[in-house]
Amino acid sequence: MTNDGVMLDIAKLNVHYHDFQALNDVSLKVRKGSVVSIIGSNGAGKSTLLNTIMGINKPTSGDIAFMGPSIAGLEPNKVVARGISMSPEGSKVFEKMTVKENLLMGAYLPHARRKVNNSLEKVYELFPVLKEKAEQDATYLSGGQRQMLAIARAIMSDPQLLLCDEISLGLAPVIIKDIYRKLKEVNHAGLTIVLVEQDVRRSLKNSDYSYVILKGKIVMEGKSDELSEEEVADAYFGVNKYTRF
Ligand code: ATP
């Protein structure tokens, strides 16, 4: 990690899908212990950014440094081994596996496997419903429970940085609130978090620092409690001074 506490340092990242440029000179920093949100509408490039950090997408140019060294272009299992994990968009779980088996899949790397019992205890304490349903197939879980399972599975790899892709998608407000409360708990326990969200108010409320992404470009950033919801919404929709594309 650098002296100023920056854990993740992304510099001038460009990502293409064939001729289409999905990320355009994206630079951002995540400080250790913080919650950072990436706010943007459908298709803004949020998932592409998280997938590129995880090594699922490969950058065309630019750098991603994590705790010092570059991880740009590493294979996903190497990225996980370095200490980053992701709860993917759409709370994807392995339907035909039990809840416990899903969780164990998150701890497949040697260093996580050594701590597996400890980690299981930790996630069961965080989401008691997963303990109750440990032996049931994931296919029987509700939407909220699936999201909890996806987050818990990511935590099972014992990461230092957790990436959460649209955890509120399709869930009832009361469930979303509960999940954000749990994320705050794990953040206070030391885990650094990057959240991707479409909801401006929710993003600002649940993070320390925010970036707004529009058509693959960061168009605004600042401390979440200092950004105005209206200005962020303007940036998000590309109105006024942000319409330069
Ligand atoms: P969403 O919330 O809809 O997932 P997002 O902000 O996460 O939106 P991305 O999924 O990163 O956006 O998509 C960014 C842009 O890249 C979009 O224009 C999308 O159509 C395009 N894109 C994403 N994946 C691919 C792909 N595999 N091939 C071609 N284009 C893609």
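Preceding this paragraph is the structure being described.
Residues numbered from 1 in each chain as written. Predicted model: local features only at pLDDT ≥ 70, side-chain atom pairs only at ≥ 80, totals over all residues. Heavy atoms only, no water.

Trainee: Account for the environment of Leu204, with residues named and values stated.
Mentor: Residue position: Leu204 is located in helix α9 (residues 200-205). Residue classification places Leu204 among the buried residues on the basis of a relative accessible area of 11%. Residues Leu204 and Glu226, spaced 22 residues apart in sequence, show a C-alpha to C-alpha distance of 9.2 Å. (Helix = DSSP H or I, 4+ residues; strand = E, 2+ residues; numbered from the N terminus. Buried < 20%, exposed > 50% of the residue type's maximum accessible area, 1.4 Å probe, protein only.)

Trainee: Please provide a residue-by-residue account of the packing of aromatic side chains, values included.
Mentor: Applying the stated criterion across every chain, the model contains two aromatic pairs. Taken together, a centroid distance of 4.7 Å and an interplanar angle of 70° make the contact between Tyr236 and Phe237 edge-to-face. You can call Tyr236 buried: its relative accessible area is 6%. (Phe/Tyr/Trp six-rings, centres within 6.5 Å; stacked < 30°, edge-to-face > 60°.)

Trainee: I'd love a proper account of the site of the ligand, names of residues and values included.
Mentor: For the ligand, the set of nearby residues contains 14 residues, the closest of which are Gly43, Lys46, Ser47, Thr48 and Glu166. Within the contact set of the ligand, an oxygen atom lies 2.5 Å away from a side-chain nitrogen or oxygen of Thr48. A distance of 3.2 Å separates an oxygen atom of the ligand from a polar side-chain atom of Glu89. When the ligand is considered free in solution it has 630 Å² of accessible area, and contact with the protein chains removes 61% of it. Mapped by element, the contributors of at least two residues to the shell around the ligand are β2 (20-31) and α1 (46-53). Among the elements that take part in the shell around the ligand, α1 stands out by supplying three residues, more than any other. (Near = heavy atom within 4 Å. Polar contact = N/O pair within 3.5 Å; in protein donor to acceptor, adjacent residues only side chain to side chain. Areas by Shrake-Rupley, 256 points an atom, 1.4 Å probe, with all protein chains shown as cover.)

Trainee: Residue-level account of the sheet that holds strand β1 (residues 6-17), with values.
Mentor: In space, the three strands of this open sheet follow the order β2-β1-β4, with antiparallel pairing throughout. Only two strands of the sheet have a single partner each, and these edge strands are β2 and β4 (61-66). Strand-to-strand, the axes of this sheet are offset by a mean angle of 15°, without reference to chain direction. Bridge count for β1 against β2 is eight bridges, and the pairing is antiparallel. Within the sheet, the bridge partner assigned to Leu8 lies in β2 and is Val30. Packing against the sheet, α1 makes contact with β1, β2 and β4, and its axis sits at approximately 115° to β1. (Pairing = 2+ DSSP bridges. Axes fitted to C-alpha atoms, helices over the stretch in contact; angles between N-to-C directions. Contact = heavy atoms within 4.5 Å.)

Trainee: Can you explain the sheet that holds strand β9 (residues 217-223)? Please cite residues and give values.
Mentor: The mixed open sheet is built from six strands, whose spatial order is β5-β6-β7-β3-β8-β9. Two strands bound the open sheet, and with one partner strand each, they are β5 (84-87) and β9. If you compare each strand with its neighbour and ignore which way they point, the axes differ by 20° on average. Looking at chain direction, strand β6 (residues 161-165) and strand β7 (residues 192-197) are connected through five bridges and run parallel. Bridge pairing in β7 places Leu163 opposite Val194. Contacts between α1 and the sheet are confined to β3 (35-39), β5, β6, β7 and β8 (209-214), with β6 contributing the most and set at about 150° to the helix. Each of β3, β6 and β7 is contacted by helix α8 (residues 173-188), which is oriented at about 155° to β7, the strand it contacts most.

Trainee: Give me the lowdown on the pairing of β7, citing residues and values where you can.
Mentor: Most of β7 is tucked away: six of the six residues are buried. Side chains Thr192, Val194 and Val196 of β7 all project onto a buried face; the interleaved residues Ile193, Leu195 and Glu197 project onto the opposite face, where all are buried too. By the bridge criterion, five bridges tie β3 to β7 in an arrangement that is parallel. Within β7, the residue paired with Ile39 across the bridge is Glu197.

Trainee: With reference to specific residues and values, describe helix α5 (residues 116-126).
Mentor: Considered for burial, the residues of α5 that qualify are Val116, Ser119, Leu120, Val123, Tyr124 and Leu126. Down the axis, α5 shows its buried residues gathered within 160° of arc, on one side only. Along α5, the residues that are exposed and aim more than 90 degrees away from the buried face are Asn117, Asn118, Glu121 and Glu125. Contacts from the buried residues of α5 go to α3 (99-105), α4 (110-114), α6 (128-132), α7 (143-155) and α8. (Arc of directions from axis to C-beta.)

No statement about biological role is implied by the geometric values presented.
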